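What follows is the residue order along each chain.
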Amino acid sequence: MLPSDAPTAGNPILSTHNLSMRFGGLLALSEVSLAVKRGSITAIIGPNGAGKTTLFNCLTGLNNPTSGLITYRPQEGQTVNLTHGSLDKAARLGLARTFQNIRLFNELTVLENVLIGLHSRLKAGLWGALTGNKKTRAEEALALELANDLLQKQGFGDLTKVLAKNLPYGLRKRLEITRALAAQPTILLLDEPAAGLNGGEAQDLIKLIREVKSEGNLTIILIEHDMSLVMSVSDEVHALEYGRLIASGTPAAIQRDERVIKAYLGEE
Ligand SMILES: Nc1ncnc2c1ncn2[C@@H]1O[C@H](COP(=O)(O)OP(=O)(O)OP(=O)(O)O)[C@@H](O)[C@H]1O
Ligand SMILES: [Mg+2]
C-alpha cells in the first residue's frame, strides 16, 4: 500500500520510503526516506561509497531495491509505483539520466547520439523507423530539426558530425546531458556532472543547469562532490553516509550540519 500522502498540490514529484538496497553483505542503502519537490533542483551528497549512485540506480530501474518503496507523481493526481522498474520504464515515464562514467555511443556522431535520446519521444517509434512509413519520415524530419536546434543551443554548432569518441571530455559530458534533455524529461538525474571539468566548464555547467530549469517545468536531481556547485544551484540537499540519510535541508543548513561536516572530515 502506498503511504497516505494523497496527491494534493505541493506533493513531492518523487519520494522514497524506507528504501534499502543490499549487495550480499553490504547494505548500500539503508531505509532511506526522502522527498524531491516538483520543479526543484535537489542535490544528493555524501562521501565515496555512501550509496548515491545506488540511489539513482534504484530510481531509474537499474537496481531493484531489496525493500522499501519509490513513489513518482508525474503530474498532480497521478501516482506511479516506481519501485521495481527498468531503465526503459523509467525513461518512458519521463526520467532521464546521465552516468558517473559517461555512457555515449562512441562510434556514433554527436547528432546521432542526440537522435537516440529523442527516439523515446517519437510516436511511431522503432517499428515505424524500420518499416519506413510516411508518418515515420515526417517524424524523423522533425526529430532531426529538434536535435539540431538543441545542439546549436548547447554550443555544438560545428561538431554535430564528429564521432562522440573524438570529443574532448568536457564536451562528452555536455553531450550526455544534451541527449538526456532531448527526451524532454520530467525529471533529469545527473550523476556527478561536474566531475573532471575545469573551472570554466563547471561555470558553464551551472549556467546550463539554471537555464534548463528556468525554461521548463523540469525537476533536477544531481549527485555532486563539488560543494560550490551544490551550494550555488540547489534548493534542497540530502546527505548520505554509509547508505543512511544523515541530513536533509537547504544548502545553508546542510553546510552547518554537524553530521555532514563529520562525515566529510571522517571524524568519529
Ligand atoms: N552492483 C553492485 N554490487 C556490489 N556492490 C555494489 C554494487 N553497486 C554498488 N556497490 C557498493 O555499494 C556501495 C555504494 O556504492 P555507490 O556507487 O552507490 O556509492 P557512491 O555514493 O555513488 O560513491 P562515489 O562517490 O564513489 O560515486 C559501495 O560500497 C559499492 O562498492
Ligand atoms: Mg557514485
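Within any chain, residue numbers begin from 1 and follow the written order of that chain's sequence. The lettering of chains begins at A and the numbering of ligands begins at 1, in the order of writing. For this predicted model, a pLDDT threshold of at least 70 governs which residues receive local features, and a threshold of 80 or more governs which side-chain atom pairs are given and counted, while totals over whole chains, interfaces and linings are taken from all residues.

Time to look at the pairing of strand β3 (residues 41-45). Among the five residues that make up β3, five are buried, leaving the element largely enclosed by the rest of the structure. Buried means a residue has 20 or more other C-beta atoms within 10 Å of its own C-beta, exposed means 12 or fewer, and partly exposed covers the counts in between; C-beta atoms are placed from the backbone. Put simply, DSSP marks the helices as runs of H or I at least four residues long and the strands as runs of E at least two long, and each gets a number from the N terminus on. Side-chain alternation along β3 places Ile41, Ala43 and Ile45 on one buried face and Thr42 and Ile44 on a second face that is also buried. A strand pair is defined by DSSP finding two or more bridges across the two strands. Sheet analysis places β3 next to strand β8 (residues 219-223), joined by four bridges and oriented parallel. When the bridges of β8 are listed, Ala43 appears paired with Leu222. Here β3 pairs with strand β9 (residues 236-241) via four bridges, running parallel. Note on β9: the bridge partner recorded for Ile45 is Ala239.

Turning next to the nonpolar core. In this usage, the nonpolar core is the set of buried Ala, Val, Leu, Ile, Met, Phe, Trp, Tyr and Cys residues whose C-beta atoms join them within 7 Å. Counting 63 residues, the largest nonpolar core has Leu188, Leu189, Ile220 and Ala239 as its most contacted members. A per-element tally of this core places helix α6 (residues 169-182) first, with five residues. What fixes the domain bounds is an automatic or database domain assignment. Residues from two domains meet in this core; each of domain 1 (1-94 + 186-268) and domain 2 (101-184) gives at least three.

When you line up the elements, Ala183 lands in the loop between α6 and β7 (187-191). In sequence terms Ala183 and Gly94 are 89 residues apart; their C-alpha atoms lie 7.8 Å from each other.

Let's shift gears to unusual backbone geometry. Positive phi, normally seen in glycine, also occurs at Glu31, with a value near 50°. Tracing the backbone shows Glu31 in strand β2 (residues 26-36). Residue class for Glu31 comes out partly exposed when judged on the 15 C-beta atoms lying within 10 Å of it.

This brings us to the site of ligand 1. Lining the immediate environment of ligand 1, one finds Phe23, Leu26, Ala28, Gly46, Asn48, Gly49, Ala50, Gly51, Lys52, Thr53, Thr54 and Gln100. Only β2 and α1 (52-59) provide two or more residues apiece to the shell around ligand 1. Element by element, the count of residues in the shell around ligand 1 is highest for α1, at three residues. Following the grouping adopted for this structure description, the nonpolar residues are Ala, Val, Leu, Ile, Met, Phe, Trp, Tyr, Cys and Pro, the charged ones are Asp, Glu, Lys and Arg, and the polar ones are all others, Gly among them. Here the residues of the shell around ligand 1 sort into four nonpolar, seven polar and one charged. The rule is simple: place the C-beta atom from the backbone, and if it lies within 6 Å of a molecule or strand, the residue is near it.

One open sheet holds the four strands; their spatial order is β2-β1-β4-β5, and the pairing between them is antiparallel. Only two strands of the sheet have a single neighbouring strand rather than two, namely β2 and β5 (80-81). The pairing of strand β1 (residues 14-23) with β2 spans seven bridges and is antiparallel. The partner of Phe23 across the bridge, within β2, is Leu26. The sheet strands contacting α1 are β1, β2 and β4 (67-72), and the helix crosses β2 at an angle near 65°. Residues are scored as being in contact if the C-beta atoms we place from backbone atoms lie within 7 Å. Only C-alpha atoms enter the line fits that serve as axes; for helices the fit covers just the stretch in contact. Angles between N-to-C directions range over 0 to 180 degrees.

In short, geometric facts, not functional conclusions.
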